[in-house]
Amino acid sequence: MGKIIAISNQKGGVGKTTTAINVATGLAYANRKVLLVDFDMQGNASQGLSALKGEGQPTVYSVLMEKFPIEKALIHIEESGVDILPANISLAGADLMMDKIGHGKERLLKEALDPLRDRYDYILIDCPPSLGLLNTNALTAADSVLIPVQCEYYALEGVTQLLITIRIVQQTSNPDLKIEGILMTMSDIRTRLSVEVSQEVRQTFGKLVYENSIPRNVKLSEAPSRGLSIFEYDKRSKGAEAYKELCEEIIQRNGGR
Ligand SMILES: Nc1ncnc2c1ncn2[C@@H]1O[C@H](COP(=O)(O)OP(=O)(O)OP(=O)(O)O)[C@@H](O)[C@H]1O
Ligand SMILES: [Mg+2]
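Keep in mind that this is a model prediction, so the values were computed, not measured.

## Describing the sheet that holds strand β5 (residues 122-126)
- As summarised here, the arrangement of the 7 strands in space is β3-β4-β2-β5-β1-β6-β7, forming an open sheet in which the pairing is mixed. Only two strands of the sheet have a single partner each, and these edge strands are β3 (75-76) and β7 (178-185).
- Bridge analysis of strand β6 (residues 144-150) against β7 gives 7 bridges, and the strand direction is parallel. Along β7, the bridge assignment pairs L146 with G181.
- Against the sheet, helix α8 (residues 155-171) makes contact with β6 and β7, and its axis sits at roughly 165° relative to β6, the strand it touches most.
- Most of the contacts of helix α9 (residues 192-205) go to β7, to which it runs at about 165°, and overall it touches β6 and β7.

Next up, the structure:
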């Protein structure tokens, strides 16, 4: 059965989508079957893998709110083999509409994904930068949470808030939710701040923090504008190397899954 990992941090711009795209693709190149769920109305993960096909395209919104069959909404990326359930601006306001559903409103994504679990090794969810009902849906569907943390001041504040949210979800809709790992992103060994933040996060969270961190690398920020993962855009870049090693660490933490 596939493992569902939510990539979440309500803080904006910390590297959630970059991590979702490149971990999904890296795991696929390591011969794992991977589904990437874009769960952000910005649709950055969908754009970043060229999965948006224009108006009227079925998205995660159609699946959750209009009962559109999930298989028919998936886009298959030829190069890597990643499947993606795309999102676009239609997801704006979805949390308000979900809220009206009442009972079971936090389980909509879980119910949509559960029938697909057997087909994948990993299902990754790229979460929006907020702690609303969309995020709760993702944390309810997930087995674990991967938390990207940018190497900068206030990095820990966001994480503390997220950990409170995770505890609430554990007490309500998903008692088995685990922390998959904390990932330091955009690190720069040349700046003292980056090194200090990284040390502080490691002191606070110990083994939860991945040994591999992701360096600041311009290739990682260029790749999405070409609609490519870092592995097709520049597989020799520092960014590609870092995400490849992270994928190996993820596989190892999951007992070779
Ligand atoms: N390691 C990196 N090196 C250089 N640029 C990066 C790196 N990681 C992310 N970026 C850039 O930083 C910006 C924010 O990254 P990203 O979109 O992945 O964050 P996010 O957490 O998904 O943001 P949001 O909260 O808006 O969804 C993007 O422009 C991205 O290209
Ligand atoms: Mg994002």
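## A word on the pairing of β6
- By the criterion of burial, β6 is predominantly enclosed, with 7 of the 7 residues buried.
- Burial along β6 is two-sided: the face carrying S144, L146, P148 and Q150 and the face carrying V145, I147 and V149 are both buried.
- You can see the chain leave β6, run along α8 and come back into β7, and the turn it takes is right-handed.

## Some thoughts on the pattern of salt bridges
- Under the counting rule described, the total for this entry stands at 11 salt bridges.
- Of the charged contacts, one joins R117 and D143 as a salt bridge, the two residues approaching to 3.2 Å between their closest N and O atoms. Pair noted here: R117 is in the loop between α6 (108-113) and β5 and D143 is in the loop between α7 (133-141) and β6, with a separation of 26 residues, a long-range link.
- On the basis of relative accessibility, which here comes to 7%, the residue R117 falls in the buried class.
- The shortest N-O distance in the salt bridge between E196 and R192 comes to 3.2 Å. Placement of both E196 and R192 in helix α9 is noted, with a separation of 4 residues, approximately one turn of the helix.
- Because the salt bridges share partners, they merge into one network encompassing K110, D114, R117 and D143.

Conventions used here
The residue numbering used here restarts from 1 in each chain and proceeds along that chain's sequence as written. Labels follow written order: the first chain is A, the first ligand is 1, and so on. Where totals are concerned, whole chains, interfaces and linings use all residues; where local detail is concerned, this predicted model gives features only for residues with pLDDT of at least 70, and gives and counts side-chain atom pairs only at 80 or more. As a rule here, side-chain values come from all non-hydrogen atoms in the structure, and water together with hydrogens is ignored. Whether two strands pair comes down to DSSP finding at least two bridges between them. In this text, helices come from DSSP runs of H or I with a minimum length of four residues, and strands from runs of E with a minimum of two, each type numbered from the N-terminal end. In what follows, a contact means two residues having at least one pair of non-hydrogen atoms within 4.5 Å. Between N-to-C directions, angles span 0 to 180 degrees; the directions come from axes that are lines fitted to C-alpha atoms, helices contributing only their stretch in contact. Note on exposure labels: buried denotes an accessible area under 20% of the residue type's maximum, exposed denotes more than 50%, and partly exposed covers the range between, all computed with a 1.4 Å probe on protein chains only. Crossovers are described as right-handed under a simple rule: with the strands pointing away from the observer, the path leading from the first strand over the helix to the second runs clockwise. Any Lys or Arg side-chain nitrogen found within 4 Å of a carboxyl oxygen on Asp or Glu counts as a salt bridge.

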